[in-house]
Amino acid sequence: MKQTVLVMGAGSVGCYLGGLAAGAGHLVHFVGRPRVLSALASQGLTLSDCDGRRLHLDASQLQLHEAPPRGLVADVTLLCVKSGATAEAAHSLHQALLPDSLVLSMQNGVGNAERAQAAAPMLAVRAGMVPFNVAELAPGHYHRATSGQLVVQSAPGPALDQLGNAFALQGVRLRQEEDLRAIQWGKLLLNLNNPVNALSGLPLRAQLLQRGYRRCLAALQAEALDLMDSAKVEAAQLTPLPPRRLVQLLRAPTPLFRMLASRMLQIDDRARSSMADDLRLGRPTEIDALCGEVVRLAHRQGRQAPLNARMLTLVQAWSYAPQPYGPRELEEALGLA
Ligand SMILES: NC(=O)c1ccc[n+]([C@@H]2O[C@H](COP(=O)([O-])OP(=O)(O)OC[C@H]3O[C@@H](n4cnc5c(N)ncnc54)[C@H](OP(=O)(O)O)[C@@H]3O)[C@@H](O)[C@H]2O)c1
């Protein structure tokens, strides 16, 4: 059955996921900024991926809006704004959608679904996790540069099964889980590479192949894992290795890392963290939803998270020092070398 899908926040993730649903024949409404909407209106939407798939949707297949259409009956809404925009976007959904409409927060971080639910108390907000990297290669062209299975919190009714079927037709699997907390924390650990990548100024693969940057990531993850252990916060294993073993592997010399982390390095050369784009374009970053969450986890236990706190400061201070950090320089800035 054809569904009506609303994408709130037509950026990399929103255009990619919305495009997959539209490609499977669903009616997809995209809410976004004029810059993105005008590209979609003039060129349509092109999706590509690291498996070699390509999909083009003509502009006539896309419903484009600057705000959620009032009274829209959406089977499912994908909330795809950055963390700092969650409350405002959820509030506008609250005003537009019918009570109990299903909203999936497809965002990083561990608190966005709760934040959205607080701003939209009449809607049914569920958490989601996007495991892969999506980059905007050109206006209207979004590229999935890594692989993985989407996970969303289950909800009553057929909407999620139908959405999953639509994504599967386009080669992307979606799994439903009761509780996403451990998955979100597991993803947050991996996302601690976002600031490292952003400050390196390098594509993801090139950055991960430098041991100094990996040592920075390993230190941020190890600090977070210690705090999660003491707070009894579980982290799901989202890579072939459990989180603690991944920390060890990141610290290994590069030839060994290259050999043992071949799956992790299956990233095409175009992949970069979207935080890198945010820094480059002077936009707010999601650093507070990543390192900031680790710092808050520490404070709740009367403890400190000095490395994550320092990384938070480095990213926030970026506009004053817009020069990429070399690996040694970043280790020094974090107090590791
Ligand atoms: N990109 C990835 O590879 C990836 C992978 C996994 C998870 N994620 C997560 O997915 C979420 C979205 O990331 P993204 O990379 O897709 O971000 P993005 O490219 O910045 O897309 C979000 C878009 O929504 C727009 N927006 C924000 N508030 C809006 C509003 N009220 N009305 C209309 N448009 C609005 C933003 O415009 P402004 O910039 O003007 O605010 C931006 O164009 C983040 O939590 C991210 O961490 C991203």
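Summarised in this report is the structure supplied together with it. Predicted, not measured: the structure shown is a model, and the values here were computed from it. Sequence positions are assigned chain by chain, starting from 1 and proceeding in written order. Restriction of local features to residues with pLDDT of at least 70 applies here, the model being predicted, together with a cutoff of 80 or more for giving and counting side-chain atom pairs; totals for whole chains, interfaces and linings are based on all residues. The side-chain quantities take in all heavy atoms of the structure and omit both hydrogens and water.

**What to know about the site of the ligand**
We define proximity as follows: a residue is near a molecule or strand when any one of its heavy atoms falls within 4 Å of that partner. For the ligand, the set of nearby residues contains 22 residues, the closest of which are Val13, Arg33, Asn108, Val134 and Glu286. Here an oxygen atom of the ligand sits 2.4 Å away from a polar atom, N or O, in the side chain of Glu286. Here the ligand, which alone exposes 880 Å², has 86% of that area covered by the protein. When residue character is reported, Ala, Val, Leu, Ile, Met, Phe, Trp, Tyr, Cys and Pro are called nonpolar, Asp, Glu, Lys and Arg charged, and the others, Gly included, polar. Here the shell around the ligand is composed, by residue class, of 10 nonpolar, eight polar and four charged. Each domain's limits were defined by an automated method or a database of domain assignments. Both domains that furnish three or more residues to the shell around the ligand are identified here as domain 1 (4-179) and domain 2 (183-333). Here a polar contact is taken to be a pair of N or O atoms separated by no more than 3.5 Å, where protein atoms must pair a possible hydrogen donor with a possible acceptor and residues adjacent in sequence count only if both atoms sit in side chains. Residue-level accessible areas treat just the shown protein chains as cover; the underlying method is Shrake-Rupley with a 1.4 Å probe.

**What to know about the pairing of strand β9 (residues 134-138)**
Two strands make a pair as long as DSSP finds a minimum of two bridges between them. Each helix is a run of DSSP H or I of at least 4 residues and each strand a run of E of at least 2, with the numbering of both proceeding from the N terminus. Inspection of the sheet shows β9 paired to strand β10 (residues 141-144) by four bridges, in the antiparallel sense. By the bridge assignment for β10, Glu136 is matched with Tyr142. The loop that links β9 with its antiparallel partner β10 comprises two residues; one of these, Gly140, has a positive phi angle of about 80°.

**Comments concerning the pattern of salt bridges**
The term salt bridge refers to a side-chain nitrogen of Lys or Arg lying within 4 Å of a carboxyl oxygen of Asp or Glu. Evaluated as defined, the whole model comprises 16 salt bridges. Residue Asp49 is joined to Arg53 by a salt bridge in which the shortest nitrogen-to-oxygen separation is 3.9 Å. Only protein chains enter the accessibility calculation, which uses a 1.4 Å probe; a residue is then buried when its area is under 20% of its type maximum, exposed when over 50%, and partly exposed in between. Under the relative-accessibility criterion, Arg53 is labelled partly exposed at 39%. In this structure, Arg244 engages Asp229 in a salt bridge whose closest nitrogen and oxygen atoms are separated by 2.7 Å. Of this pair, Arg244 sits in helix α10 (residues 243-251) while Asp229 is found in helix α9 (residues 211-230), placing the two residues 15 residues apart along the sequence. In this structure Arg244 comes out as partly exposed when scored by relative accessible area, which is 37%. It is possible to trace a salt-bridge network through shared partners that takes in Asp49, Asp51, Arg53 and Arg144.

**Here's the deal with the nonpolar core**
Grouped together as the largest cluster of nonpolar side chains are 53 residues, with contacts concentrated most on Leu192, Val196, Leu199, Met311 and Leu330. Among the secondary structure elements, those contributing two or more residues to this core are α6 (181-191), α7 (193-200), α8 (204-208), α9, α10, α12 (274-280), α13 (287-300) and α14 (306-316). If we skip the residues at most four places from it in the chain, Val196 touches Gln207, Tyr213, Cys216, Leu217, Leu220, Met311 and Leu330. Only buried residues count toward a nonpolar core. Its members are Ala, Val, Leu, Ile, Met, Phe, Trp, Tyr and Cys residues joined through side-chain atoms within 4.5 Å. Of all hydrophobic cores here, the second largest spans 37 residues; its members include Val7, Leu102, Val134 and Phe167. Contacts are assigned to residue pairs with any non-hydrogen atoms lying within 4.5 Å of each other.

**Description of the pairing of strand β1 (residues 4-8)**
Across the five residues of β1, five count as buried, placing the element largely inside the fold. Residues of β1 alternate between two faces, with Thr4, Leu6 and Met8 on one and Val5 and Val7 on the opposite face, all of them buried. Considered for its hand, the β-α-β crossover made up of β1, helix α1 (residues 12-23) and strand β2 (residues 27-31) is right-handed. Pairing geometry for β1 and strand β6 (residues 76-79), over four bridges, is parallel. Paired with Val7 across the strands is Leu78, a residue of β6. Looking down the strands as they point away from you, a crossover is right-handed if its path from the first strand over the helix to the second goes clockwise.

**Describing the packing of helix α3 (residues 86-96) against helix α4 (residues 112-119)**
Orientation is described by lines fitted to C-alpha atoms, with helices fitted over the stretch in contact, and by angles between N-to-C directions that extend from 0 to 180 degrees. One can describe the packing of α3 onto α4 by two numbers: an axis separation of 8 Å at closest approach and a directional angle of 45°. The orientation of α3 relative to α4 falls into the category oblique. Taken as a pair, α3 and α4 cross one another with a handedness that is right-handed. Here Thr86, Ala87, Ala90, His91 and His94 of α3 lie close against α4, whose contacting residues are Asn112, Arg115, Ala116 and Ala119. Here the residues of the contact of α3 with α4 sort into four nonpolar, four polar and one charged. In this scheme, roughly parallel covers angles under 35 degrees and roughly antiparallel covers those over 145, while 65 to 115 is roughly perpendicular and the rest are oblique. For any helix crossing, the convention is left-handed if the near helix is rotated counterclockwise from the far helix by under a right angle, and right-handed if that rotation is clockwise.

**Points about the packing of α13 against α14**
For any two helices packed against each other, one specifies the inter-axial angle together with the distance between the axes. Where α13 contacts α14, the axes come no closer than 8 Å and their chain directions differ by 155°. The orientation of α13 relative to α14 falls into the category roughly antiparallel. Classified by chirality, the crossing of α14 by α13 is left-handed. On the side of α13, the interface is formed by Ile287, Asp288, Cys291, Gly292, Val294 and Val295, while α14 contributes Asn308, Ala309, Met311, Leu312, Val315 and Gln316. In the contact of α13 with α14, the residues fall into eight nonpolar, three polar and one charged.

**Focus: the sheet that holds strand β3 (residues 45-49)**
As a general point, the strands of a sheet are linked pairwise by backbone hydrogen bonds and lie either parallel or antiparallel. Spatial strand order, β4-β3-β10-β9: four strands in an open sheet with mixed pairing. Each of the sheet's edge strands pairs with one partner strand only, and the pair in question is β4 (54-57) and β9. The average undirected angle you get between the axes of adjacent strands in this sheet is 20°. Relative to β10, β3 runs parallel, the two sharing four bridges. Across the sheet, residue Asp49 finds its bridge partner in β10, namely Arg144. Contacts from α1 reach β3, β4, β9 and β10, with the element oriented near 95° to β3.

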